[in-house]
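Below are the chains, spelled out letter by letter.
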Amino acid sequence: MKSLTTTSAQLVAAARSRIEEIETVDLIAMVGNPDVVIVDIRDVRERQRSGYIPGSFHAPRGMIEFWVDPDSPYFKDIFAADKKFVFHCASGWRSALTVATLQDMGFEAAHLKEGFSTWASQNGPVERSTES
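Residues numbered from 1 in each chain as written. Predicted model: local features only at pLDDT ≥ 70, side-chain atom pairs only at ≥ 80, totals over all residues. Heavy atoms only, no water.

Would you explain the packing of aromatic side chains in this entry?
Two aromatic rings, taken as a pair, are described by how far apart their centres are and by the angle between their planes. Within the structure shown, the criterion is met by 7 aromatic pairs. For the ring pair Phe-57 and Trp-67, a centre distance of 6.1 Å and an interplane angle of 55° mean the geometry is tilted. Of this pair, Phe-57 sits in strand E3 (residues 57-58) while Trp-67 is found in helix H4 (residues 64-68), placing the two residues 10 residues apart along the sequence. Ring centres 5.5 Å apart and planes at 35° place the aromatic pair Phe-79 and Phe-85 in the tilted group. Relative accessible area serves as the criterion here: at 5%, Phe-79 is assigned to the buried category. Judged by relative accessible area, Phe-85 falls into the buried class, the value being 2%. These aromatic residues form a ring-pair network of at least three members: Phe-57, Trp-67, Phe-79, Phe-85, Phe-87 and Phe-107. Taking the ring centre of Phe-116 as reference, the NZ or CZ of Arg-42 above it sits at 4.2 Å. (Phe/Tyr/Trp six-rings, centres within 6.5 Å; stacked < 30°, edge-to-face > 60°. Helix = DSSP H or I, 4+ residues; strand = E, 2+ residues; numbered from the N terminus. Buried < 20%, exposed > 50% of the residue type's maximum accessible area, 1.4 Å probe, protein only. Lys NZ or Arg CZ within 6 Å of the ring centre and 35° of its normal.)

Can you help me understand the environment of Ala-14 in this one?
Note that Ala-14 resides in helix H1 (residues 8-16). Owing to a relative accessible area of 42%, Ala-14 belongs among the partly exposed residues under this scheme. In the structure, Ala-14 is positioned 25 residues away from Val-39 in sequence and 22 Å away in space, judged by C-alpha atoms.

Whenever I open this one, the side chain of Thr-24 confuses me. Can you help?
Mapped onto the fold, Thr-24 is located in helix H2 (residues 24-30). Among the residues examined, Thr-24 registers a relative accessible area of 1% and is labelled buried. A polar atom in the side chain of Thr-24 sits 2.7 Å from the side chain of Thr-118. In contact with Thr-24, not counting residues within four places along its chain, are Leu-112, Glu-114, Gly-115, Thr-118, Trp-119 and Gln-122. (Polar contact = N/O pair within 3.5 Å; in protein donor to acceptor, adjacent residues only side chain to side chain. Contact = heavy atoms within 4.5 Å.)

In this structure, what is going on with the sheet that holds strand E5 (residues 110-112)? I would like to understand it.
Pairing between the strands of a sheet comes from backbone hydrogen bonds, and it takes one of two forms, parallel or antiparallel. Spatial ordering of the open sheet is given by E1-E5-E4-E2-E3, a layout of 5 strands whose pairing is parallel. Of all strands in the sheet, those bounded by a partner on one side alone are strand E1 (20-22) and E3. One ladder, built from 2 bridges, connects strand E4 (residues 84-88) with E5; its direction is parallel. In the sheet register, Val-86 faces E5, and the bridge partner there is Ala-110. (Pairing = 2+ DSSP bridges.)

How should helix H5 (residues 93-105) be read in this particular structure?
In a regular helix each residue adds 1.5 Å, so 13 residues correspond to 18 Å; H5 covers 19 Å between its end C-alpha atoms and thus fits that length. For H5, the set of buried residues is Ser-95, Ala-96, Thr-98, Val-99, Ala-100 and Leu-102. Of the surrounding elements, those touching the buried residues of H5 are H1, H4, E4 and E5. Among the residues trailing H5, Gly-106 stands out with phi positive, at a value near 95°. (Expected span 1.5 Å × (residues − 1).)

Explain the pattern of salt bridges to me, please; I cannot follow it from the model alone.
It is possible for side chains bearing opposite charge to pair when their charged atoms get close. In the structure shown here, the tally under the stated rule is 9 salt bridges. Here Arg-18 and Asp-104 are joined by a salt bridge, their closest N and O atoms 2.9 Å apart. Taken together, the residues span a long stretch of sequence, with Arg-18 in the loop between H1 and E1 and Asp-104 in helix H5 at a distance of 86 residues. The exposure class of Arg-18 is partly exposed, given its relative accessible area of 38%. (Salt bridge = Lys/Arg side-chain N within 4 Å of Asp/Glu carboxyl O.)

Put into structure tokens, the structure is as follows:
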């Protein structure tokens, strides 16, 4: 196999060096704040398996750039709100890349540094889906 010139870990490290990272304990304190939108970019199966942050908005990773772009036919009104947006995935890798990309587009956001992986262990509230 041909070697990559840049690894995924290097991409994540570069993204993290230029975006706002929020610690788990700090985001736990923001849950329920009407000026903060927590955006869960994990796959729907991850949310069903692990639960999710109460009040979080689910936006699949593959659609983010289109959902935040007002010129896109897929634009979602929630992203027009004058609020602080904090994205998260399971470990912080996908959300770091997502926020760096959004920042390049001119959309300001932050991400949960450790992702959902440390949420429950740090006493973050978790909702479970009642759907099968």
